[in-house]
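# Descriptive structure summary
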Amino acid sequence: MQQNVLILDFGSQYTQLIARRVRELNIYCEIHPYNNPPKDISSFKATILSGSPFSVRAEDAPHPDLSEIRGKMPLLAVCYGAQYLAHFHGGKVEPSETREYGRANLSLIKDAEVLFEDITENSQVWMSHSDTIKELPTNSVRLASTADVLNAAYRIDGEDTFAIQFHPEVYHTSDGKQLLENFLVKIASVEQNWTPEAFVDMTVSELKEKIGDDKVVLGLSGGVDSSVAAVLLHKAIGKNLYCIFVNNGLLRKNEFESVLDQYKHMGLNVKGVDASARFLDALAGVSDPEEKRKKIGNAFIEVFDDEAHQIQDVKFLAQGTIYPDVIESVSATGGPSATIKSHHNVGGLPDFMKLKIVEPLRALFKDEVRRVGTELGIAKELLGRHPFPGPGLAIRILGDVTAEKVRILQEVDAIFINGLKESNLYDKVWQAGAILLPVSSVGVMGDERTYEKVVALRAVESTDGMTADWVNLPYEFLQKTSNTIINRVKGVNRVVYDISSKPPATIEWE
């Protein structure tokens, strides 16, 4: 039986990293907003409280009801969570006299504490707060300090409640994974059974029960997520799965034909639909990125509705939605975190479309999807394919979208991506693409003045897309790619390289 860990989100930028670290321990967890927790928490074995940009001393500070959690299951309070327990339960939280942000080292670790087993004195941790705990809550015992933070960790007597002022989920906390394992495995006794094999078995069983003999239509994109979702569904319902691959006119160069050919060898029932004109018409004159996404989402729904009507008695629409899509679109299920962007495959269907949604990958991060794909026997070449945005090149064309702009960007993108493959750099990059900027620049070609488009190249490394760093591609490669683009793509006379990380930037420009 799957055992769950509840993560209550107070709006921290690191909340998703907590979930990632827990999943790395082969333990399943779910993020829920502090103000909208699950109504039934009986399936959860432990709870983690996240950090927050709020101060516990502020009038509008998050104030969760922990009556069904504290003292009834193991609880780990991180940063804001630690301050919350102190401030509202007999302790004192005040503004820090010194800035408490960045690396620090633990001291005064209580040897007998299971939470700090196999964590040595001076272990590096990461601090990120402006308030500090001056006095511990009632019936508490200090467990660890740092040079600047006296109460860096504590526990409450008589219950499995622990609090830490630092962030175990970030890379800079060197023993963070060990601390989370100590809490979840040794203190909370959570079983480490969240594996790709277990996920496949559980999901196939759930899909069979949910769908029965009904028919499902699935929109394939050619990417990792929808392909893994398709194979999972095929394993569960076989011939009752109808896959549709839509050419929205915003795919990479020659992608429609190559993807259809790719699926021929996977045993899936796939139909290709060329709806380029419909999408480009819908996007005519639209420049706002959110409006673009919504127009594209609506057009997808219209296409699927048309195709679904050609399949008798279809009841479900399947999507390759994954966890970061959900988190970014709806702010961790309606919680206090800021919405980053909407995703065309998140948010439900209009009333006129009488299909129910099935999303077999909704709980997975990208790297988990790839591991499930490996378990399902999907080809390494497909699983190693870079992520590509659902709205396609529309959100890589800043400003309005036209057929000519799509042509230019397809040519640029093909040179960049093929160049990465030819230079054995493709597998060293998590995601790469080109962006067509809404500006023109002066250039000189053959002694003539030109005034043409500027394109930006983007390549990042990441594990799940929640955070990302730009890739330091060789200068020689960038020089060759720039020259090739300018010489071969009519309409472009300048190439730049994006060296922004996420955060503060996002991977896509829109």
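Structural notes, computed from the coordinates. (Residues numbered from 1 in each chain as written. Predicted model: local features only at pLDDT ≥ 70, side-chain atom pairs only at ≥ 80, totals over all residues. Heavy atoms only, no water.)

### Some points on the overall build of the chain
In terms of helices and strands, the chain carries 13 helices and 18 strands. Relative to the 2.2 N^0.38 estimate, which gives 24 Å for 510 residues, the radius of gyration of the chain is 25 Å and therefore close to what a compact globule would have. Along the three orthogonal principal directions, the C-alpha set of the chain runs to about 75 × 65 × 40 Å. When each of the 510 residues of the chain is scored for burial, the buried share is 57%. Restricting to contacts in the chain with at least 6 residues of sequence separation, those with at least 24 account for 74%. (Helix = DSSP H or I, 4+ residues; strand = E, 2+ residues; numbered from the N terminus. Rg over C-alpha atoms; globule rule 2.2 N^0.38 Å. Buried < 20%, exposed > 50% of the residue type's maximum accessible area, 1.4 Å probe, protein only. Contact = heavy atoms within 4.5 Å.)

### Some remarks on the pattern of salt bridges
Close approach of charged atoms allows side chains of opposite charge to pair. Summed over the entire model, instances satisfying the criterion amount to 27 salt bridges. Glu 368 serves as the salt-bridge partner of Arg 23, at 2.6 Å between the closest nitrogen and oxygen. Placement of the pair is Arg 23 in helix α1 (residues 15-24) and Glu 368 in helix α10 (residues 366-375), with a sequence separation of 345 residues. The two residues Arg 23 and Glu 368 agree in class, both being buried. Within the structure, one salt-bridge network assembled from shared partners comprises Arg 20, Arg 21, Glu 24, Asp 367 and Arg 371. (Salt bridge = Lys/Arg side-chain N within 4 Å of Asp/Glu carboxyl O.)

### Re the packing of aromatic side chains
All chains considered together, the criterion is met by 11 aromatic pairs. Arranged with centres 5.2 Å apart and planes meeting at 45 degrees, the rings of Phe 10 and Tyr 80 form a pair that is tilted. Of this pair, Phe 10 sits in the loop between β1 (4-9) and α1 while Tyr 80 sits in helix α2 (residues 80-87); the two residues are 70 residues apart in sequence, bridging distant segments of the chain. Accessibility assignment for this pair places Phe 10 and Tyr 80 in one class, buried. Summarising the aromatic geometry, the rings of Phe 162 and Phe 183 are spaced 6.4 Å apart at their centres and angled 75 degrees between planes, so their arrangement reads as edge-to-face. (Phe/Tyr/Trp six-rings, centres within 6.5 Å; stacked < 30°, edge-to-face > 60°.)

### A word on the side chain of Lys 292
Along the chain, Lys 292 falls in helix α8 (residues 289-308). Here Lys 292 falls in the buried class, since its relative accessible area comes to 0%. Within the structure, the side chain of Lys 292 is placed 2.5 Å from the backbone oxygen of Ile 397, a separation counted as a polar contact. With near-sequence residues (within four places) excluded, Lys 292 lies in contact with Leu 283, Val 286, Ser 287, Ala 394, Ile 397, Leu 398, Gly 399, Val 401 and Glu 510. (Polar contact = N/O pair within 3.5 Å; in protein donor to acceptor, adjacent residues only side chain to side chain.)

### Here's the deal with the sheet that holds strand β4 (residues 75-78)
Spatial strand order, β2-β1-β3-β4-β9-β8-β7: seven strands in an open sheet with mixed pairing. At either margin of the open sheet sits one strand with a lone partner, and together these are β2 (28-33) and β7 (140-144). Adjacent strand axes in the sheet meet at a mean angle of 20 degrees, parallel and antiparallel pairs treated alike. Sheet topology places strand β3 (residues 44-49) next to β4; three bridges connect them, and they run parallel. Pairing of Thr 47 across the sheet is with Leu 75, part of β4. Strand contacts of α2: β3, β4, β8 (153-156) and β9 (161-164), with the helix running at about 105 degrees to β4, the strand carrying the most contacts. On top of the sheet, helix α3 (residues 176-187) reaches β1, β3, β4 and β9; it is set at about 150 degrees to β3, its chief contact. (Pairing = 2+ DSSP bridges. Axes fitted to C-alpha atoms, helices over the stretch in contact; angles between N-to-C directions.)

### Quick notes on the sheet that holds strand β12 (residues 270-274)
Strands pair in a sheet through their backbones, by hydrogen bonds, and they do so in one of two ways: parallel or antiparallel. Across the sheet, which stays open at both edges, the five strands sit in the order β12-β11-β10-β13-β14 with parallel pairing between neighbours. Two strands in the sheet have a free side with no partner beyond their single neighbour: β12 and β14 (356-358). Strand-to-strand, the axes of this sheet are offset by a mean angle of 30 degrees, without reference to chain direction.

### Re the packing of helix α4 (residues 196-211) against α10
Where α4 meets α10, the closest approach of the two axes is 9 Å, and the angle between their N-to-C directions is 80 degrees. In terms of orientation, α4 lies roughly perpendicular with respect to α10. For the pair α4 and α10, contact is made by Pro 196, Glu 197, Phe 199 and Val 200 and by Arg 371, Val 372 and Glu 375, respectively. Classifying every residue of the contact of α4 with α10 by side-chain character gives four nonpolar, no polar and three charged. (Parallel < 35°, antiparallel > 145°, perpendicular 65-115°, else oblique. Nonpolar A, V, L, I, M, F, W, Y, C, P; charged D, E, K, R; others polar.)

### Considerations on the nonpolar core
One finds Val 412, Leu 420, Leu 473 and Ile 485 to be the most contacted residues of the largest nonpolar core, which totals 48 residues. Per-element accounting of this core gives the leading share, eight residues, to helix α12 (residues 403-422). Excluding anything up to four places from it in sequence, Ile 485 contacts Val 412, Ile 415, Val 455, Leu 457, Val 492 and Val 495. One finds Ile 27, Phe 116, Ala 188 and Phe 365 within the second-largest nonpolar core, a separate group that totals 41 residues. (Core = buried A, V, L, I, M, F, W, Y, C linked by side-chain atoms within 4.5 Å.)

### Notes on unusual backbone geometry
Here the amide bond leading from Lys 502 into Pro 503 is cis, since omega sits at -10 degrees, within 30 degrees of zero. Here Pro 503 lies in the segment after β18 (492-497). Residue Pro 503 is joined to Pro 504 through a cis peptide bond whose omega torsion reads 15 degrees. Although it is not a glycine, Asp 313 sits at a positive phi angle of roughly 65 degrees.

### Observations regarding the pairing of β3
Within β3, five of the six residues are buried, which leaves the element mostly enclosed by the surrounding structure. As defined by bridge partners, β1 adjoins β3 across five bridges and the pair is classed as parallel. For Leu 8, the partnering residue across the bridge sits in β3 and is Leu 49.

### Observations concerning the pairing of β8
Pairing analysis gives four bridges linking β7 to β8, with the strands arranged antiparallel. Bridge assignment links Ser 140 to a residue of β8, and that residue is Ile 156. Of the strand pairs in this sheet, β8 and β9 are connected by four bridges, and their pairing is antiparallel. Bridging across to β9, Ala 153 finds its partner in Ile 164. In sequence, β8 turns back onto β9 through a hairpin of four residues, with Gly 158 there showing a positive phi of about 85 degrees.

### Quick look at the packing of α4 against helix α5 (residues 224-237)
Running from N to C, α4 and α5 point in directions that differ by 60 degrees, and their axes come no closer than 9 Å. When the axis of α4 is compared with that of α5, the two are oblique. Classified by chirality, the crossing of α5 by α4 is right-handed. Contacts between α4 and α5 involve Phe 199, Val 200, Thr 203, Val 204, Leu 207, Lys 208 and Ile 211 from the former and Leu 232, Leu 233, Lys 235, Ala 236 and Ile 237 from the latter. Across the contact of α4 with α5, the residue classes tally to nine nonpolar, one polar and two charged. (Left-handed = near helix turned anticlockwise from the far one by under 90°.)

Honestly, that's just the spatial picture; any functional story needs more than this.
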